[in-house]
Every structure is written in structure tokens, then in C-alpha cells.
Amino acid sequence: MKKLIILILIIGFGHTIYGQNYNNFDTDSTKTEAFKPSKTQFMIRGYGHTGLNTLSSDNETESSYVGSAFAPIFLFKHSDKLLFEAELEFVLEGNELEVGLEYANVMYVLNKNMTVRAGKFLLPFGTFMERLHPAWINRLPTAPLGYGHDGIAPSSGIGVELRGAFDLGGPKLNYSVYSTNGPRIKDGSIEPEEAGMLQFQNYEDNNNSKAFGGRIGLLPFADSSTEIGFSTYSTSKVGARDSQYENVGAFLYALDFAFVKQFSGFGVIDIKGQYNNSNVDDATYTELDEFGNPEEYTFNNESNSFYTQLSYRPTTSESDFMKKLEFVGRYSNYNAPADAEWSGESEQYAFGLNYWLTWRSLIKVAYQTTDSVGGHDGGGTTNGFFVHWAIGF
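Residues numbered from 1 in each chain as written. Predicted model: local features only at pLDDT ≥ 70, side-chain atom pairs only at ≥ 80, totals over all residues. Heavy atoms only, no water.

**Student:** Would you take a moment to explain the overall build of the chain for this structure?
**Tutor:** A tally of regular secondary structure across the chain gives three helices and 20 strands. When the backbone C-alpha atoms are referred to their principal axes, the chain occupies close to 85 × 65 × 50 Å. Counting every position in the chain, which comprises 393 residues, the buried fraction comes to 40%. Taking the intrachain contacts of the chain between residues at least 6 apart in sequence as the baseline, contacts between residues at least 24 apart amount to 56%. Here the chain has roughly 21800 Å² of accessible surface; of this, 59% comes from carbon and sulfur atoms. Across the chain, the mean location of the 29 positive side-chain charges is 17 Å away from that of the 47 negative side-chain charges. (Helix = DSSP H or I, 4+ residues; strand = E, 2+ residues; numbered from the N terminus. Buried < 20%, exposed > 50% of the residue type's maximum accessible area, 1.4 Å probe, protein only. Contact = heavy atoms within 4.5 Å. Areas by Shrake-Rupley, 256 points an atom, 1.4 Å probe, with all protein chains shown as cover. Lys, Arg positive; Asp, Glu negative; His and termini not counted. Charge placed at Lys NZ, Arg CZ, Asp CG, Glu CD.)

Written out as C-alpha cells, the structure is:
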């Protein structure tokens with residue numbers, strides 16, 4: 001951490017000195033010239049959050065202040081056509097500070113309907129991870145089932161993408177097609193209980209096959225209040241080259257829906273939903289029986305998850321206090337392969353009340369209950385109470 005701070009200071013100091021020299025001196029460093037505004041633009045945005053989590057299950061309760069997360073977003077405009085974006089994440093996990101690179105990519109605007117970008121980017125697999133996961137945008141303190149660790153929805157990838165939108169004379173259409181290194185399959189050699197899972201953080205390709213994906217979103221009404229999307233993500237190889245799993249393939253798809261509209265005399269209704277499906281080719285894995293002897297097994301490796309969310313904000317109320325309130329409810333479920341070591345079914349209900357301090361800062365109070373069967377922890381019921389404060393800047 002100390003080295004990171006020193007590096008940031010050095011870069012900032014060097015950039016300041018360079019900028020002063022560049023703008024104030026000509027090539028022989030003996031004459032000054034009038035200041036010329038730069039055609040480039042640089043901006044720092046981002047978000048942060050903190051809060052209190054209380055979780056209880058099987059007569060055990062854990063309560064802790066959590067979060068203190070900081071996610072700066074760096075935006076650089078080199079010209080009207082060439083841009084760069086990056087997001088860092090600083091998160092306190094346990095007693096350690098974890099630093100991550102959420103995305104970093106270069107974008108070039110080909111025309112008003114097409115933009116190409118390359119690097120690490122959030123995947124448009126549905127809409128939750130790309131558009132809704134930041135703490136001040138997500139209406140609840142947690143993500144739906146099926147996302148995050150052990151989730152089946154990919155969040156980001158390294159590759160190249162072509163995206164854009166078209167105005168159809170009222171209705172609108174947006175699209176994305178991309179190629180990434182693709183996911184890896186867990187073969188069980190390190191974590192036997194997770195054999196058959198897909199690991200999406202693939203910084204270097206473990207084979208010569210790339211993953212291909214895309215999303216089409218249709219906004220059928222002129223007011224853009226409704227969007228329906230369909231996404232796919234597939235690869236013919238998720239195993240390491242020259243391994244027995246090299247030719248195992250995977251196909252994922254998602255359906256998403258969004259409806260946001262303000263009704264006169266009532267307020268804003270916001271409905272979101274997404275269904276994810278993951279299908280991995282059958283493969284043979286090895287586990288140890290009760291006597292410690294290796295035993296081979298296989299299973300139908302298909303998983304799915306679903307969530308739907310409804311929020312209401314009485315923006316037309318005569319009370320300034322009521323205008324800043326938002327009521328949220330969400331249902332989600334997750335189903336893992338029946339015969340896998342990580343098989344399980346989970347169902348979750350979450351209810352929240354938000355108070356918007358400003359248009360980009362809110363306090364979230366939520367209650368969540370999750371019922372599960374199987375999985376890593378054997379199942380059961382977990383109840384959670386959350387108080388979070390999130391801010392975007």
C-alpha cells in the first residue's frame with residue numbers, strides 16, 4: 001500500500017512539472033509563450049459506500065461495520081473520437097485492503113452508430129453487472145443470487161468489442177458484439193467441491209479458443225421507458241490446452257427487462273429483471289470416496305438464476321420528505337446442477353427503504369432472507385439486516 005501511494009505521488013508530481021514546462025517554454029527553454037488550452041480532457045468520477053451488516057443463521061448472529069469501499073473512475077478524452085476509461089477498486093476485506101482493476105479500456109468512435117473498444121471491460125451480459133451493480137445505483141445493498149463469487153453471470157473480460165445504437169424513428173435499438181479470452185473450468189484439482197464451475201476472471205487465455213458474445217436491446221416505445229434485451233456468451237473450449245478438459249465448451253444466455261416511468265400524480269415506477277442460463281458440456285471429474293479412494297463421476301452441468309425487482313418513489317408527493325423516499329422489493333433464485341458437488345437451490349427475498357440525500361447519494365435500509373438447500377454450507381435459512389450509505393461522485 002505504501003508503494004502504491006508513493007507511485008501515485010510521483011506520477012502526479014511528474015505530470016504537473018511536465019505540464020508547466022510544456023505550456024510555458026518553447027523548444028530552447030529560454031522563451032515563454034502564451035498558454036494554450038489543451039484539447040484533451042481528464043476527469044475523475046467514481047463511488048464509495050460503507051455500512052452495517054447483521055447476518056443470522058442457525059441461532060448464530062454476526063454483526064459488523066463493513067464496506068469503506070472506494071472506486072475511482074478515470075476518464076480521459078484524447079480527442080472527439082479517442083477515449084480511455086478505467087476503474088480501480090479499494091475494498092476492505094477482513095483485515096486487509098484489496099485493490100482490483102474493475103476495467104480499463106481504450107475506445108474509438110467510428111461513427112455515430114459504432115464504437116470499438118479494447119482492453120478489460122464490463123460485459124453486456126444482461127444489464128445488472130454492466131449498468132446496475134455500483135453501490136449508489138443498485139437499489140439494495142446486495143446483489144441478486146447468481147452474481148459475484150460462485151455466480152453464473154460473467155461480469156468482465158479482456159478482449160475487443162463493437163457496440164452502438166440506432167434510432168428507428170421512435171423505437172431504438174442498441175447492440176454489442178465482442179470477443180474475450182473466455183472463462184476457465186475448475187477441474188477440481190485445487191477445490192474438489194467446485195469441479196465443473198466456470199471461472200470468469202481469465203486474464204490470460206489458457207487455450208487458443210476465444211469466447212464470443214453479444215447483446216441486442218430493443219426500446220420499443222418513443223419515450224424509452226421499456227427495454228427488452230437478449231444476450232449470449234459462448235466458447236468451444238474452457239479447459240487448459242493439452243488437458244482432458246480442453247474440448248469442454250460452454251454456452252450462456254440471458255434475458256433482461258427494464259421499465260422506468262414517472263406517472264403523473266403518482267411517482268416513478270422502476271422494474272428490472274434478468275434470467276441467466278449456463279450450460280457446460282459434460283465432463284468426467286474425480287472425487288474421493290469415504291475411504292479416500294478416487295472415484296469418477298459426471299453430471300448435467302446446467303445452472304440458472306433469475307431476479308426481478310420493483311421500486312417506487314413518490315416524486316409527485318407534496319411532502320419534500322416523501323419525495324426522497326424509495327420503496328424496493330426484490331426476488332431472486334439460483335439453481336445449480338443437481339449431481340454436482342456444489343449442487344444446491346437458493347431462494348431470496350429482499351425488501352428495502354431508501355432515502356435519497358441527493359440525486360447521487362442515498363442511505364439504504366434493507367432486510368433480506370435466503371433459503372437454500374445444498375451448496376457449500378449445506379443449506380438453511382440466513383436472515384440479514386443492512387444499513388448502507390452510498391455516494392457517487
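**Student:** Help me understand the pattern of salt bridges, please; the structure alone is not making it clear to me.
**Tutor:** Once their charged atoms are close, side chains differing in charge can pair, the charge on each being opposite to the other. For the structure on display, the rule yields 16 salt bridges. Residues Glu130 and Arg163 are paired through a salt bridge, measuring 2.4 Å at the closest nitrogen-oxygen approach. Taken together, the residues span a long stretch of sequence, with Glu130 in helix H2 (residues 128-132) and Arg163 in strand S6 (residues 156-167) at a distance of 33 residues. Taking relative accessible area as the criterion, Glu130 reaches 19% and is therefore assigned buried. Judged by relative accessible area, Arg163 falls into the partly exposed class, the value being 26%. Linked through salt bridges whose partners overlap, the residues forming this network are Glu85, Arg117, Glu130, Glu161 and Arg163. (Salt bridge = Lys/Arg side-chain N within 4 Å of Asp/Glu carboxyl O.)

**Student:** Mind showing me how you'd approach the pairing of strand S19 (residues 361-374) here?
**Tutor:** As judged from the 14 bridges shared by strand S18 (residues 344-358) and S19, these two strands associate in the antiparallel manner. Bridge pairing in S19 places Gln348 opposite Thr370. With antiparallel pairing between neighbouring strands as the criterion, S18 and S19 make up a hairpin whose turn holds two residues. With 13 bridges joining them, S19 and strand S20 (residues 379-392) adopt antiparallel strand pairing. Note that in S20 the partner of Lys364 across the bridge is His388. (Pairing = 2+ DSSP bridges.)

**Student:** I'm lost on empty space enclosed by the protein in this one. Help?
**Tutor:** To find the voids left in a structure, one rolls a probe of water-molecule size over its atoms. This model, assessed by the stated rule, comprises one cavity of 30 Å³ or more. Approximately 60 Å³ is the volume found for the largest cavity. Lining the largest cavity we find Lys120, Ser156, Gly157, Ile158, Thr180, Asn181, Gly182, Phe200, Gln201, Asn202, Tyr203 and Tyr233. Per-element tally for the lining of the largest cavity: the top contributor is S6, with three residues. For the lining of the largest cavity, a count of residues per class yields four nonpolar, seven polar and one charged. (1 Å grid on protein atoms, 1.4 Å probe; cavity = no way out; pocket = protein on both sides within 12 Å on 5 of 7 lines; lining within 4 Å. Points joined across faces, edges and corners; volume = space filled by probe spheres on them. Nonpolar A, V, L, I, M, F, W, Y, C, P; charged D, E, K, R; others polar.)

**Student:** Even after reading the chapter, I still don't get the packing of aromatic side chains, so can you show me in this structure?
**Tutor:** The geometry of an aromatic ring pair is captured by the separation of the ring centres together with the interplanar angle, meaning the angle of the planes. Taken as a whole, this structure holds 21 aromatic pairs when the rule is applied. An angle of 35° between the planes, with centres 5.9 Å apart, marks the rings of Tyr178 and Tyr233 as tilted. On the criterion of sequence distance, the pair formed by Tyr178 in strand S7 (residues 172-180) and Tyr233 in strand S11 (residues 226-235) is long-range, its members being 55 residues apart. Across this residue pair, the class does not change: Tyr178 and Tyr233 are buried. Grouping aromatic residues by their ring pairs yields a cluster made of Tyr245, Tyr285, Tyr297, Phe299 and Trp342. (Phe/Tyr/Trp six-rings, centres within 6.5 Å; stacked < 30°, edge-to-face > 60°.)

**Student:** Can you help me understand a nonpolar patch on the surface in this one?
**Tutor:** Taken together, the side chains of Phe321, Met322, Phe327, Tyr349, Phe351, Leu353, Val365, Tyr367 and Phe385 make up a nonpolar region of the molecular surface, amounting to roughly 810 Å² of accessible area. Sorting the residues of the nonpolar patch by element identifies helix H3 (320-323), S18 and S19 as the ones contributing at least two each. Ranked by the residues each element gives to the nonpolar patch, the list is headed by S18, at three residues. Counting through the fold element by element, Leu353 comes out in strand S18. (Patch = residues over 30% accessible without salt bridge, like charges linked within 9 Å, V, L, I, M, F, W, Y side chains within 5 Å.)

**Student:** How should the nonpolar core be read in this particular structure?
**Tutor:** Generally speaking, a soluble globular protein has its nonpolar side chains buried in company with each other. With 34 residues, the main nonpolar core has Ile185, Leu198, Tyr233, Val248, Leu252, Tyr285 and Trp342 as its most contacted residues. If you list the elements that add at least two residues to this core, you get H2 and strand S12 (250-263). Apart from the residues lying within four places of it in its own chain, the contact partners of Val248 are Ile185, Ser236, Lys237, Val238, Gly239, Val280, Asp281 and Ala283. (Core = buried A, V, L, I, M, F, W, Y, C linked by side-chain atoms within 4.5 Å.)

**Student:** Explain the pairing of strand S3 (residues 82-93) to me, please; I cannot follow it from the model alone.
**Tutor:** Note on strand geometry: in a regular strand, side chains alternate between the two faces of the sheet. Bridge count between strand S2 (residues 60-77) and S3: six bridges; the pairing is antiparallel. Bridge pairing links Leu75 to Glu85 in S3. When S3 meets strand S4 (residues 96-111), the two strands line up antiparallel, connected through 12 bridges. If you follow Glu85 over to S4, its bridge partner there is Asn105. What sits between the antiparallel neighbours S3 and S4 is a turn of two residues, in which Gly94 has the positive phi angle 65°.

**Student:** What exactly am I supposed to notice about unusual backbone geometry here?
**Tutor:** Working note: non-glycine residues mostly have negative phi, and peptide bonds are mostly trans. If you check the backbone angles, Ser224 has positive phi at about 60° while not being a glycine. Since its relative accessible area comes to 32%, Ser224 is described here as partly exposed.

**Student:** How should I be thinking about the environment of Asn138 in this particular structure?
**Tutor:** Of note, Asn138 is situated in the loop between H2 and S6. Among the residues examined, Asn138 registers a relative accessible area of 6% and is labelled buried. A C-alpha to C-alpha distance of 10.0 Å links Asn138 and Lys364, two positions 226 residues apart in sequence. If sequence neighbours within four positions are ignored, Asn138 has contacts with Phe128, Leu132, His133, Ala143, Gln309, Arg330 and Lys364.

**Student:** Please explain the environment of Asp281 as it appears in this structure.
**Tutor:** As for its position among the elements, Asp281 is in the loop between strand S13 (267-280) and strand S14 (285-288). The partly exposed category is assigned to Asp281, whose relative accessible area is 38%. Sequence separation between Asp281 and Val248 is 33 residues, and the spatial gap between their C-alpha atoms is 5.5 Å. Reaching out from Asp281, the side chain makes a polar contact with the backbone nitrogen of Gly249 at a distance of 2.8 Å. (Polar contact = N/O pair within 3.5 Å; in protein donor to acceptor, adjacent residues only side chain to side chain.)

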